[in-house]
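Inside the fold
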Amino acid sequence: MPDSCTEEEISRLVGAGLHVLNVTDTLSAGVTECRTDEREVTAATVTAIVLLSVIAITAICGTLYDLVHFQYPAWKLNRANIRLQEVRDRRSHVTQELQRTDNSPRREASRKRPALDYDSYDALETDSSDEETVTLVDQASKKLPEPSQAAWQKVLIAFSFYTNGSKLLNTTQPPGSLTAVHGIRFLSMSWVMLGHMYTYGVETFANTLTKFSALLSTWTADVIANSFVSVDTFFTLSGILVSYLVVKDYLATGKKVNWACFYFHRLWRLTPPYMMILVTVLGLQRFMGSGALWRTLQPPDKDKCETHWWLNLLYVNNLVRSREECFGHSWYLANDMQFYLITPAMLLPLLINRSVGVVVCVTLLFAHWTATATLSVVNEWPPVMLGLDVHILETSAHWMEHYYIVPWCRIGPYIIGIFTGYVLAVYEGKLHMNKMTVLTGWVSTVGAGLAIVYGLRGDIGGEDPSVVGVAALYNAVARSAWGVCVAWVVVACSSGHGGPVDAILSWPPLIPLSRLTYMAYLVHPCLMRVYYGNQDTPYLLNDTNLVISYLGVLVFTYLLSFVLNLVLESPMIGLEKAFIRR
């Protein structure tokens, strides 16, 4: 449009055109925006630049200090030890040769010959610096610095790229580790990102109306349209790991649990990286693109984040002003933290009396099913979001606000995870099962999982929507059933009944990728918005374009997550270990 046109005039013009076309019942003119290359510098921008600069400087200083003060002496000692071993091998060789010569049948003749000249006899030659090597090793061992005690040294080492990178890339797992969790976590994160490729790109798709209809008509689209259950995988894993680690520690330390550290660990582990990513996206994302598709208001929830960021800090953004959400995908973090807060209410009964604990967990599970089913019947919710009337925005908003992001409708898989982790800890990660039990477990798990993902063909395709009662049953029970499927995979693999599944999920390269999942979850929406927003023309949705775009975003998300893990997530873990006794 010409520069002389105002935003209001353009909105009126589009509205008049829609009226002439007689499509105002299904389409309406949204907010018109005259986009420019001007970028607003806000308090979040300044804060992000300052904090990132401080973190970068600290990380560089910590890395240099670590390399000079700790790593170089260790490398020097290692080289000296290798040299010492070579000396010992040569001396052993000399001794063996002497013994062989002395025991030879010609030893009498040998005794008549002059003694061996060790300095010139090549086969038995020794290095004149052998004694110096032994001295060097002894001195290096004495001079190797002890672990730092000063607070500033602990801080620097916690930010060291070398130390953090070594820990991140280490694939060694201690005995009793649930190694299959790593593969499940990475694959589930990849599934979440696949679903979000559609969610965050729909505004820029050029062929939404035609392509989506064709896409949803095929059963292969169900894995994308019903990718919501991938989040329930994380709820299940969260419950398993929390319960497994706490119960193991409880049994190993004489039935003691430090609940203060239990809560502090989670807050310290998650909150600083979370808030740092939030302020960085809020302050810097607007500088990462331009063009016709680049929205000046970046991120789209910028205004809401500037006023409601403290709700995210308190992990209540899914309950308070949830329609004015900031960092939309962070509803999961709020739920997970809320589940974590009430975890002792489930674990303590299990630890004190197993029967009482089972009753408590089952009661909570039935309460969750009852509440979800009741709300589903009253509001006539479909079993999947695509079953909603997308032309009525209030319907979609109500479904998200009162079902999808609230804890009482999502806690089922977490309860399943808590009980599974308890059982694994009590039986030291290995449950003894006969072949028939294993076969039944795998067949049931595969069947239930396929039914949960692919059983909504009528609702997704729109040909045969579920009746209210069936939809309520699915909404109430399906997510918990999915949690049982995930729990079985973890139990079977840890107990030695995983076969090729365990081999794939426990593949060592997946361990570092699994450790990057938290950072990947936080930053991937930002990368997707930057990618779609920098297109020069509307994005043509087809299988080839989306597969290539998805793989590219997946790779760059994990590359960025690797860097962010070294400077944000790993330092928090290092500082906690340095300053807080177990």
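What counts, and at which threshold
- Residues numbered from 1 in each chain as written.
- Predicted model: local features only at pLDDT ≥ 70, side-chain atom pairs only at ≥ 80, totals over all residues.
- Heavy atoms only, no water.
- Helix = DSSP H or I, 4+ residues; strand = E, 2+ residues; numbered from the N terminus.
- Buried < 20%, exposed > 50% of the residue type's maximum accessible area, 1.4 Å probe, protein only.
- Contact = heavy atoms within 4.5 Å.
- Areas by Shrake-Rupley, 256 points an atom, 1.4 Å probe, with all protein chains shown as cover.
- Axes fitted to C-alpha atoms, helices over the stretch in contact; angles between N-to-C directions.
- Left-handed = near helix turned anticlockwise from the far one by under 90°.
- Expected span 1.5 Å × (residues − 1).
- Arc of directions from axis to C-beta.
- Phe/Tyr/Trp six-rings, centres within 6.5 Å; stacked < 30°, edge-to-face > 60°.
- pLDDT = per-residue confidence, 0-100.
- Disulfide = S-S within 2.5 Å.
- Polar contact = N/O pair within 3.5 Å; in protein donor to acceptor, adjacent residues only side chain to side chain.

**A short note on the overall build of the chain**
The secondary structure content of the chain amounts to 24 helices and zero strands. Sorting the 582 residues of the chain into buried and exposed places 45% on the buried side. Contacts spanning at least 24 positions in sequence make up 81% of the contacts within the chain whose residues lie at least 6 apart. Carbon and sulfur atoms make up 64% of the accessible area of the chain, which amounts to about 30,600 Å² in all.

**Quick word on the packing of helix H10 (residues 229-252) against helix H11 (residues 259-284)**
Interhelical geometry of H10 versus H11 gives an angle of 145 degrees and a closest axis separation of 13 Å. Like other packed secondary-structure pairs, H10 and H11 cross with a definite hand, here right-handed. Every residue of H11 that contacts H10 at Ser238, Val242 and Val246 is listed here: Trp259, Phe262 and Arg266.

**Considering helix H12 (residues 302-313)**
Between its first and last C-alpha atoms H12 spans 16 Å; for 12 residues at 1.5 Å apiece the expected length is 16 Å, and the two agree. Those residues of H12 lying buried are Lys302, Cys305, His308, Leu311 and Asn312. Projected onto a plane normal to the axis of H12, the buried residues spread over an arc of 130 degrees and lie on a single side. Its buried side turned inward, H12 meets H11.

**A short note on the packing of aromatic side chains**
One pass over the structure, following the stated rule, counts 33 aromatic pairs. Both rings, one in Trp442 and one in Trp488, keep their centres 6.1 Å apart while their planes meet at 80 degrees; by these two values the pair is edge-to-face. Of this pair, Trp442 sits in helix H18 (residues 435-454) while Trp488 sits in helix H20 (residues 468-494), placing them 46 residues apart in sequence. With respect to class, Trp442 is no different from Trp488; both count as buried.

**So, the confidence of the model for the chain**
Overall, the predicted model of the chain reaches an average pLDDT of 86, with 89% of residues at or above 70. When the criterion is pLDDT under 50, residues 106-129 qualifies, and its contacts beyond four places in sequence or with other chains add up to 16 contacts.

**With respect to the state of the cysteines**
The final tally for this structure, using the stated rule, is one disulfide. Between the sulfur atoms of Cys305 and its disulfide mate Cys326 the distance is 2.0 Å. Here the S-S torsion is close to 100 degrees, and the disulfide linking Cys305 with Cys326 is therefore right-handed. One end of the pair, Cys305, is in helix H12; the other, Cys326, is in the loop between H12 and helix H13 (331-341), with 21 residues separating them in the sequence. Across the pair, Cys326 and Cys305 agree in class, each one buried.

**Looking at the side chain of Asp336**
Here Asp336 shows up in helix H13. The buried category is assigned to Asp336, whose relative accessible area is 7%. Side-chain polar atoms of Asp336 contact the side chain of Arg266, separated by 2.9 Å. Not counting residues up to four positions away in its chain, the partners in contact with Asp336 are Phe235, Ser238, Arg266 and Tyr414.

**Points about the environment of Ala44**
As for its placement among the helices and strands, Ala44 is situated in helix H2 (residues 43-102). Sequence separation between Ala44 and Leu284 is 240 residues; the distance between their C-alpha atoms is 8.0 Å. When residues no more than four places from it in sequence are discounted, the contact partners of Ala44 are Val279, Leu282 and Gly283.

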